[in-house]
Amino acid sequence: MDTATWWPGRREPGPGPGVWRFSAVSHEASVPRTRHAVRDRLLAQGMAGERYQELVDDLLLIVSELVSNAVTHAAVLSPEVVCELVIDPDRVRVSVVDGHPYRPKAQENDPARPGGRGLLLVKSITLQAGGECDVERTEGGGKVIWASLPLPGPGAAGPGAEADLDDDPDY
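Residues numbered from 1 in each chain as written. Predicted model: local features only at pLDDT ≥ 70, side-chain atom pairs only at ≥ 80, totals over all residues. Heavy atoms only, no water.

S.K.: Can you explain the overall build of the protein? Please cite residues and give values.
M.R.: Of the regular secondary structure elements, the protein holds three helices and six strands. Each helix and strand of the protein, ordered N terminal to C terminal, gives the series β-β-α-α-β-β-α-β-β. When burial is assessed residue by residue, the protein has 37% of its 171 residues classed as buried. Long-range contacts, defined as pairs at least 24 residues apart, comprise 62% of the intrachain contacts of the protein with a sequence gap of at least 6. Accessible surface, the protein as shown: approximately 10,000 Å² in total, 51% of it carbon and sulfur. (Helix = DSSP H or I, 4+ residues; strand = E, 2+ residues; numbered from the N terminus. Buried < 20%, exposed > 50% of the residue type's maximum accessible area, 1.4 Å probe, protein only. Contact = heavy atoms within 4.5 Å. Areas by Shrake-Rupley, 256 points an atom, 1.4 Å probe, with all protein chains shown as cover.)

Below you can see the structure in the form of structure tokens.
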């Protein structure tokens, strides 16, 4: 039985802005399902290829961490988590909503302590990409944790990409 559902926020297919919501039961199997669903949607929206590789990788790691935290820490009070993907002309935002009122904070990096660094990782990736992230309360008393990353500019390539010297008039 498939426990996840996409609710499209727009009707027309193809690349471009839109809002999509993915609902899943608070279970560890929902982590890879949500990650794959977000990846498939990003690719369907035209974010394939080297230009978007780092952005997609960052977003998928963020989704994995946020959904994993939700199903690990909020499942008792939140039998369902919702992942929302918003693509704007210049940014991509992913958020995870659960019904648990606890507002988590990024832990300090303590090698002696197992776990507890997921939000620190999300914060680090987000800031390094030039984005922002936060935790907010929902109207129903739960929380939404989100990260917003800028889309790469025209001609941007992933890490390790070499410039095309044929296009450089000074070469």
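S.K.: Outline the environment of serine 23, listing residues and values.
M.R.: Note on placement: serine 23 falls in strand β2 (residues 18–25). The exposure class of serine 23 is buried, given its relative accessible area of 5%. Between the C-alpha atoms of serine 23 and valine 96, which are 73 residues apart in sequence, the distance is 9.6 Å. Separated by 2.8 Å, the side chains of serine 23 and glutamate 80 make a polar contact. (Polar contact = N/O pair within 3.5 Å; in protein donor to acceptor, adjacent residues only side chain to side chain.)

S.K.: An account of the pairing of strand β5 (residues 132–137) is needed here, citing residue identities and associated values.
M.R.: Bridge count between β5 and strand β6 (residues 143–150): six bridges; the pairing is antiparallel. By the bridge assignment for β6, aspartate 134 is matched with tryptophan 146. The antiparallel pairing of β5 with β6 creates a hairpin that spans five residues between the two strands, and glycine 141 there sits at a positive phi of about 95 degrees. (Pairing = 2+ DSSP bridges.)

S.K.: So what's going on with the environment of threonine 126? Which residues, and what values?
M.R.: Here threonine 126 is to be found in helix α3 (residues 118–128). In this structure threonine 126 comes out as buried when scored by relative accessible area, which is 0%. Along the sequence, threonine 126 and serine 148 sit 22 residues apart, while their C-alpha atoms lie 7.3 Å from each other. Setting aside chain neighbours within four positions, we find threonine 126 in contact with Ile62, Gly131, Glu132, Cys133, Ala147, Ser148 and Leu149.

S.K.: Run through the pattern of salt bridges, naming residues and quoting values.
M.R.: Taken as a whole, this structure holds three salt bridges when the rule is applied. Where arginine 21 meets glutamate 84, a salt bridge forms, and the shortest distance between an N and an O atom there is 2.8 Å. With a gap of 63 residues between them, arginine 21 in strand β2 and glutamate 84 in strand β3 (residues 80–87) connect regions that are remote in the sequence. Its relative accessible area of 34% is what places arginine 21 among the partly exposed residues. Taking relative accessible area as the criterion, glutamate 84 reaches 17% and is therefore assigned buried. Measuring nitrogen to oxygen at the nearest pair gives 2.9 Å for the salt bridge that ties aspartate 40 to arginine 39. Among the residues examined, aspartate 40 registers a relative accessible area of 43% and is labelled partly exposed. (Salt bridge = Lys/Arg side-chain N within 4 Å of Asp/Glu carboxyl O.)

S.K.: For the confidence of the model for the protein, give the residues involved together with the corresponding values.
M.R.: In this model, the protein carries an average pLDDT of 79, and 72% of its residues clear a pLDDT of 70 or more. No element of the protein has a lower mean pLDDT than strand β1 (residues 5–8), at 50, and none a higher one than β6, at 96. Confidence drops under a pLDDT of 50 for residues 8–14, and excluding neighbours within four residues, the segment shows twelve contacts in the predicted structure. Note that pLDDT drops below 50 for residues 158–171; the model gives that stretch four contacts with residues more than four away or on any other chain. (pLDDT = per-residue confidence, 0-100.)

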